[in-house]
Amino acid sequence: SALRPFNGTERFFSILPVFGISCRSYLNKEGSALDSCMLRQQLTTLTNEAFHEKFQILFGSSQTAWQVLYPTLDLTHAFFIQREQTLCALLGYCDQRGSYYHFSPQLLRPWLSKRQLQQTLHRLRYLQSAFVPNTLYIEALAVAPAFRRQGMAEKLLCHCRQYAIKQGYQYLALDVASDNLPARTLYEKFGFVYQKYRQIPCEVFGFPRFDHLICPL
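A short tour of the structure in this document, coming up. (Residues numbered from 1 in each chain as written. Predicted model: local features only at pLDDT ≥ 70, side-chain atom pairs only at ≥ 80, totals over all residues. Heavy atoms only, no water.)

Here we look at the pattern of salt bridges
Thought 1: Here the structure, examined in full by the defined rule, presents three salt bridges.
Thought 2: Arg184 is the salt-bridge partner of Glu188, the closest N and O atoms lying 2.9 Å from each other. In this pair, Glu188 and Arg184 both sit in helix H7 (residues 181–190), four residues apart, roughly one turn of the helix.
Thought 3: For Arg184, the salt bridge is made with Asp211, and the minimal N-O distance between the two is 2.3 Å. Residue Arg184 is found in helix H7, and its partner Asp211 is found in strand S11 (residues 209–216); the two are separated by 27 residues along the sequence.
Thought 4: It is possible to trace a salt-bridge network through shared partners that takes in Arg184, Glu188 and Asp211. (Salt bridge = Lys/Arg side-chain N within 4 Å of Asp/Glu carboxyl O. Helix = DSSP H or I, 4+ residues; strand = E, 2+ residues; numbered from the N terminus.)

If you want it as structure tokens, here you go:
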């Protein structure tokens, strides 16, 4: 039961699967179908560009990262804002039904050597989100460069909060690099508070400290 988007100046979507269509599509706010291939391409590109350092470490190169992300991202765990046919911003999350990042050995194996796969699975233990029953975890929040400083991240966070409340969650949570001051400022203005920090071996991502923030609902 996906939450239908609220009215706004941009076209704001959550993913509403349409079944019985030969090429799977998604309903937008006006009730017409978005081409799922185009949508997946744009979400993959923005996700890869926003977190390119992390994905290059995980998968070896930006090109391999894109090839891995394209079939593995779970679009039913994303909210996004689109103007015309351009993706402006996205938010991916993890809840009791699944995760935006759906990395499994089976899906990764075609793209990675045996050694790369072992290294990647080791690193993913520090990246992938464990579900906490009363918490919706935000895994990705990204705004395309041309649409920054327009309040889109805040709109996505507000929409995510509405969805989490409707689904009965008590908290939003996320991890942010301790030295990412712009992101920290955004989250704290929204109501997130510091709970603890996660120390990650430096060889995993190169930036070893993450702060775990929660937002009571």
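Section: helix H2 (residues 52–59)
Thought 1: All of the buried residues in H2 are Lys54, Phe55, Leu58 and Phe59. An end-on view of H2 places all buried positions within 105 degrees of arc, on one side of the element. (Buried < 20%, exposed > 50% of the residue type's maximum accessible area, 1.4 Å probe, protein only. Arc of directions from axis to C-beta.)

Description of the packing of aromatic side chains
Thought 1: Enumeration over the complete set of coordinates arrives at twelve aromatic pairs.
Thought 2: Measuring from ring centre to ring centre gives 6.1 Å for Phe55 and Phe59, while their planes differ by 15 degrees; the resulting arrangement is stacked. You can see Phe55 and its partner Phe59 sitting in helix H2, four residues apart, about one turn around the helix. Just as Phe55 is buried, Phe59 falls in that class too. (Phe/Tyr/Trp six-rings, centres within 6.5 Å; stacked < 30°, edge-to-face > 60°.)

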